[in-house]
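# Descriptive structure summary
Spelled out, the chains give:
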Amino acid sequence: MTEQHLATLIRNVPDFPQPGIQFKDITTLLQDGAAFRETIELLRVRYADRNLDAIVGVESRGFILSAPLAYALGVGLVPVRKAGKLPSATYRVEYELEYGTNQLEIHRDALQRGARVLVVDDLLATGGTIGAAAALVEQLGGIVEEMAFLIELTFLKGREKLARYPLYSIIQY
Ligand code: AMP
């Protein structure tokens, strides 16, 4: 199965959640067992020999990819969650959205200093979300080995904003 085949399984939903947004719906890929497995397998093969210490997954759809990848690699999973969800002591970062701001948190004891980390989300748009997750990793002394996505919206130029990080996406639009 190729990246091109995986791309055919992603549904484009116009005007969701608001007019003008083309929402990339990954549920149509996830419900295809072979395609879901191939998605995780592509990532597993890419990261198997990178000596990763942790996979950081971003709430919510980032969890869908990061959890099976961490399991497949035998590497621990660290959740980055929306403010107020993590129960123990956290660090919090605020970042800009198109309208307003958003906050993400990580547990203060989630990573060792110097940990080699892969940060995972389903989709790269402007890069604000994953950049905030990377800032939390760095606040704990972790090293962002790479950022990985199923989908990259290249026209939003998130990659340029994140130029100091290695960045990989399976499918580009
Ligand atoms: P950004 O912070 O702009 O890179 O936005 C990335 C986050 O917003 C990811 O967690 C995505 O799940 C979500 N997102 C942004 N744009 C889209 C889109 N067109 N389709 C689906 N999800 C999106």
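Below is a summary of the structure that appears in this document.

The rules behind these values
Residues numbered from 1 in each chain as written. Predicted model: local features only at pLDDT ≥ 70, side-chain atom pairs only at ≥ 80, totals over all residues. Heavy atoms only, no water. Pairing = 2+ DSSP bridges. Helix = DSSP H or I, 4+ residues; strand = E, 2+ residues; numbered from the N terminus. Axes fitted to C-alpha atoms, helices over the stretch in contact; angles between N-to-C directions. Near = heavy atom within 4 Å. Polar contact = N/O pair within 3.5 Å; in protein donor to acceptor, adjacent residues only side chain to side chain. Areas by Shrake-Rupley, 256 points an atom, 1.4 Å probe, with all protein chains shown as cover. Nonpolar A, V, L, I, M, F, W, Y, C, P; charged D, E, K, R; others polar. Buried < 20%, exposed > 50% of the residue type's maximum accessible area, 1.4 Å probe, protein only. Contact = heavy atoms within 4.5 Å. Parallel < 35°, antiparallel > 145°, perpendicular 65-115°, else oblique. Left-handed = near helix turned anticlockwise from the far one by under 90°. Salt bridge = Lys/Arg side-chain N within 4 Å of Asp/Glu carboxyl O.

Let us now look at the sheet that holds strand β3 (residues 54-58). Spatial ordering of the open sheet is given by β5-β6-β4-β3-β7-β8-β9, a layout of seven strands whose pairing is mixed. Among the strands making up the open sheet, the edge pair consists of β5 (90-96) and β9 (167-172). When strand polarity is set aside, the average angle formed by the axes of neighbouring strands in this sheet is 20 degrees.

With that out of the way, let us pick up the site of the ligand. Close contacts around the ligand come from 13 residues, with D121, D122, T126, G127 and T129 the closest. Within the side chain of D121, one N or O atom sits 2.9 Å away from an oxygen atom of the ligand. D122 is positioned with one of its side-chain polar atoms (N or O) 2.8 Å from an oxygen atom of the ligand. Protein contact buries 81% of the 480 Å² of open area that the ligand shows by itself. For the shell around the ligand, the secondary-structure elements that each account for two or more residues are β2 (22-25), β7 (116-124) and α5 (128-139). Its residues assigned to classes, the shell around the ligand comprises four nonpolar, five polar and four charged.

So, on to unusual backbone geometry. The step from F16 to P17 runs through a cis peptide bond, and the omega angle for that step is -5 degrees. Considering the arrangement of structural elements, one finds P17 in the loop between β1 (11-14) and β2. Of note, the phi angle at N51 is positive, near 55 degrees, even though the residue is not glycine. Summarising the element assignment, N51 is placed in the loop between α3 (33-47) and β3. Overall, the relative accessible area of 61% leaves N51 in the exposed class.

So, on to the environment of G141. Examined against the element boundaries, G141 turns out to sit in the loop between α5 and β8 (143-152). Assessed through its relative accessible area of 16%, G141 is described here as buried. Look past the residues within four positions of G141 in its chain and what remains in contact with it is Q112, R113, G114 and A115.

The next subject is the packing of α3 against helix α4 (residues 61-73). Across the interface, α3 lies against α4 with an axial gap of 9 Å and an inter-helix angle of 55 degrees. Taken together, the axes of α3 and α4 are oblique relative to one another. Considering how the two elements wind past one another, α3 and α4 form a crossing that is right-handed. Contact residues: α3 offers F36, T39, I40, L43, R44 and Y47, while α4 offers I64, L65, P68, L69, A72 and L73. Considering only residue class, the contact of α3 with α4 consists of ten nonpolar, one polar and one charged.

Applying the stated rule across the entire model yields eleven salt bridges. For R92, the salt bridge identified is with E105, shortest N-O distance 2.7 Å. Residue R92 is found in strand β5, and its partner E105 is found in strand β6 (residues 101-107); the two are separated by 13 residues along the sequence. A salt bridge links E138 to R164; the nearest nitrogen and oxygen atoms lie 3.3 Å apart. Within this pair, whereas E138 is found in helix α5, its partner R164 is found in the loop between α6 (158-161) and β9, the two being separated by 26 residues in sequence. Given a relative accessible area of 32%, E138 falls into the partly exposed group. Each of R46, R50, R116, E145 and E146 takes part in salt bridges that share partners, so that together they form one network.

With that out of the way, let us pick up the environment of I26. Tracing the sequence through the fold places I26 in the loop between β2 and α2 (27-30). Taking the relative accessible area as the measure of exposure, I26 reaches 3% and is therefore buried. Here the alpha-carbon distance between I26 and L153, two residues 127 residues apart in the chain, equals 14 Å. What I26 contacts, discounting residues up to four positions off in sequence, is R61, D122, L150 and I151.

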